[in-house]
Structures are given as C-alpha cells and as structure tokens.
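Structural overview
One letter stands for each residue in the lines below.
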Amino acid sequence: MSILDVLKRNWKKALALPEVKREEIRLTVRENQTLAKLERLEKEKEEIFARGAKIKAPSRRRQLARVYEMKADGMKMLERELTLVSKELTTLSAIKLALERRALAKDGIQRLLH
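Residue indices begin from 1 for each chain and proceed along its sequence in written order. Local features are withheld for residues below a pLDDT of 70 in this predicted model, meaning they are given only at 70 or higher, and side-chain atom pairs are given and counted only at 80 or more; totals for whole chains, interfaces and linings count all residues. Computation of side-chain values covers all heavy atoms of the structure but excludes hydrogens and water.

**Some points on the pattern of salt bridges**
Going by this rule: When a carboxyl oxygen of Asp or Glu is within 4 Å of a side-chain nitrogen of Lys or Arg, the pair counts as a salt bridge. A run of DSSP states H or I qualifies as a helix once it reaches four residues; a run of E qualifies as a strand once it reaches two. Both are numbered from the N-terminal end. Summary of the burial criterion: residues with accessible area below 20% of their type's maximum are buried, those above 50% are exposed, and those between are partly exposed, where the area comes from a 1.4 Å probe applied to protein chains only.
Within this structure, the stated rule accounts for five salt bridges. Glu 44 is the partner of Arg 40 in a salt bridge, and the nearest nitrogen-oxygen pair spans 3.5 Å. Of this pair, Arg 40 and Glu 44 both sit in helix H2 (residues 17–54), four residues apart, roughly one helical turn. With a closest N to O distance of 2.7 Å, Glu 44 and Lys 71 form a salt bridge. Here the residue Glu 44 occupies a position in helix H2, and Lys 71 occupies one in helix H3 (residues 58–113), the gap between them amounting to 27 residues. Residue classification places Glu 44 among the partly exposed positions, given a relative accessible area of 24%. Note on Lys 71: relative accessible area 22%, which makes it partly exposed. Three or more residues are tied together by salt bridges with common partners; here these are Arg 40, Glu 44 and Lys 71.

Put into structure tokens, the structure is as follows:
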C-alpha cells in the first residue's frame, strides 16, 4: 500500500510525522532494491548480447534474442516502477517537510506563550 492510498483514506490521521518517516524509509529501501534488480538485469542483458555475438548458429541466436527481449521488457517494467517510487518519494518528502515545519511553528508559538 502506498502512502497516497493511506492519505486518500485517512487524511487527518495519516499525517503523523513518524508514520511519514517510516513510509519514507520503506520507499527508500524499495527504490534501492529496484535499482539493484535493474542493474542485475542490465548486466545479464550485456552477457546475453556478448554470447550471441560469438555464436554463429541462427537458431541459437534467435533463442538468445528472445531471452534478450525478455530481459529488455523486464527492464522497462522496473524502470516504470522506479519512476513511480521516485515520484512517491518526492511527494512524501514534501509532506514530511510540511509536517516538520508545522511542528516547529507549533513549538515556537508554545515557547512564546510560556
């Protein structure tokens, strides 16, 4: 479940700073995992291409081309997911900043009153 789903359901309750920080950490981990998968697929794609360049048999090259295309499609899906996660992370950072500013403003007003 993304933070945007939580915000749609519970606008007032979902805006607790600790929960937003937790979600930011979760998204950062997800972003790092997606990047690692993307790099792994890219490396596999390069290996398949190098193997295909060495092989002369057309049937084997076609088979490697199919595997190469599968890896390329997987990379496209991961890139889309990475884009989505990055946008969510940017939105969440803005929400966290607003919540932190609100908390600081509240603390400042309380100090002035006491």
